[in-house]
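Coordinate inspection notes
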Amino acid sequence: DAGITQSPRYKITETGRQVTLMCHQTWSHSYMFWYRQDLGHGLRLIYYSAAADITDKGEVPDGYVVSRSKTENFPLTLESATRSQTSVYFCASSDVRSYGYTFGSGTRLTVV
Amino acid sequence: AQTVTQSQPEMSVQEAETVTLSCTYDTSESDYYLFWYKQPPSRQMILVIRQEAYKQQNATENRFSVNFQKAAKSFSLKISDSQLGDAAMYFCAYRSGKKTSYDKVIFGPGTSLSVIP
């Protein structure tokens, strides 16, 4: 199906473990983004990418790593998960000529 | 840096009534876009309405309209004839018009809207 797909939808992991959240889009949008959503903070930008092999830090990048070897994929890795990274994570994409984002359905991550 | 503020963490409205959600933003730019996103309990983020800063006319989408006051940096959302399905978290958001901004969108903290039957 066309669109932007995130997986998994729910994830529980232990402190210190590495976990990767997947994001795949089928529109060949240039820009892709990772946000985290926490109560009272809205959505905060973690990392973004303007094209394959071009990534940059957002507002809250510490503890996260991204890669973008292909235009359609933009995985987010928590290298050593901490409880403060318990959150809902959204992937989004944007065409350079569009005015807003298209969002994935989000991943609820719980770190215990 | 640009910021977006939503001063109402929670709002409620009677079904069929009208409610206005407030949003203010801070920017030194003249070219930008403003958005309202809706997030129902399903968690999906849905674009409700958008406004180009260079347009003086307020955007309207069916029961949703905005009051865009550029000088005051205010962008409120009015929902008319509220329906139970309007219950959701609403986010105000800003996007710079500059190409060098990498198309980043900045979100406010959100307003949780309840609709009372």
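For the structure given in this document, a descriptive report is provided here. Note on numbering: residues in each chain are counted from 1, in written sequence order. Labels follow written order: the first chain is A, the first ligand is 1, and so on. Since the coordinates come from a predicted model, pLDDT governs what is reported: local features require at least 70, and pairs of side-chain atoms require 80 or more to be given and counted, while whole-chain, interface and lining totals use all residues. Side-chain measures were taken over the full set of non-hydrogen atoms in the model, leaving aside hydrogen atoms and water.

Turning to the pattern of salt bridges, a few remarks are in order. Residues and elements named next belong to chain A. Here, a salt bridge means any side-chain nitrogen of Lys or Arg that lies within 4 Å of a carboxyl oxygen of Asp or Glu. Tallied over the full model, the rule gives seven salt bridges over all chains. Put simply, Arg36 and Asp38 hold a salt bridge, and the shortest N to O gap is 2.8 Å. The exposure class assigned to Asp38 is buried, which follows from its relative accessible area of 13%. Via salt bridges that share partners, Arg36, Asp38 and Arg44 belong to a single interconnected network. Burial status follows relative accessibility: with a 1.4 Å probe on protein chains alone, a residue under 20% of its type maximum counts as buried, one over 50% as exposed, and anything between as partly exposed.

What follows concerns the sheet that holds strand S8 (residues 76–78) of chain A. All names here are of chain A. Two strands are said to pair when DSSP picks up at least two bridges between them. Note on conventions: DSSP H or I runs of at least 4 residues are helices, E runs of at least 2 residues are strands, and numbering of each starts at the N terminus. Taken in spatial order, the four strands make up an open sheet running S1-S3-S8-S7, and their pairing is antiparallel. Edge positions in the sheet fall to strand S1 (4–7) and strand S7 (64–66), since each of these pairs with one other strand and no more. Averaged over neighbouring strand pairs, the angle between their axes works out to 15° when direction is ignored. The sheet contact formed by S7 and S8 spans three bridges and is antiparallel. Bridge assignment links Val65 to a residue of S8, and that residue is Thr77. Every axis in this analysis is a line fitted to C-alpha atoms, fitted for helices over the stretch in contact. Angles between the N-to-C directions lie between 0 and 180 degrees.

In this section: the pairing of strand S8 (residues 64–69) of chain B. Residues and elements named next belong to chain B. Strand direction decides the pairing type here: strand S7 (residues 60–61) and S8, joined by two bridges, are antiparallel. Paired with Glu61 across the bridge in S8 is Phe64. Here S7 folds back onto S8, and the loop between the two strands holds two residues, one of which, Asn62, carries a positive phi near 55°. Note that S8 and strand S9 (residues 74–79) share six bridges and pair antiparallel. If you follow Ser65 over to S9, its bridge partner there is Lys78. As consecutive antiparallel partners, S8 and S9 are separated by four residues, and within that stretch Lys73 has a phi angle of approximately 55°, a positive value.

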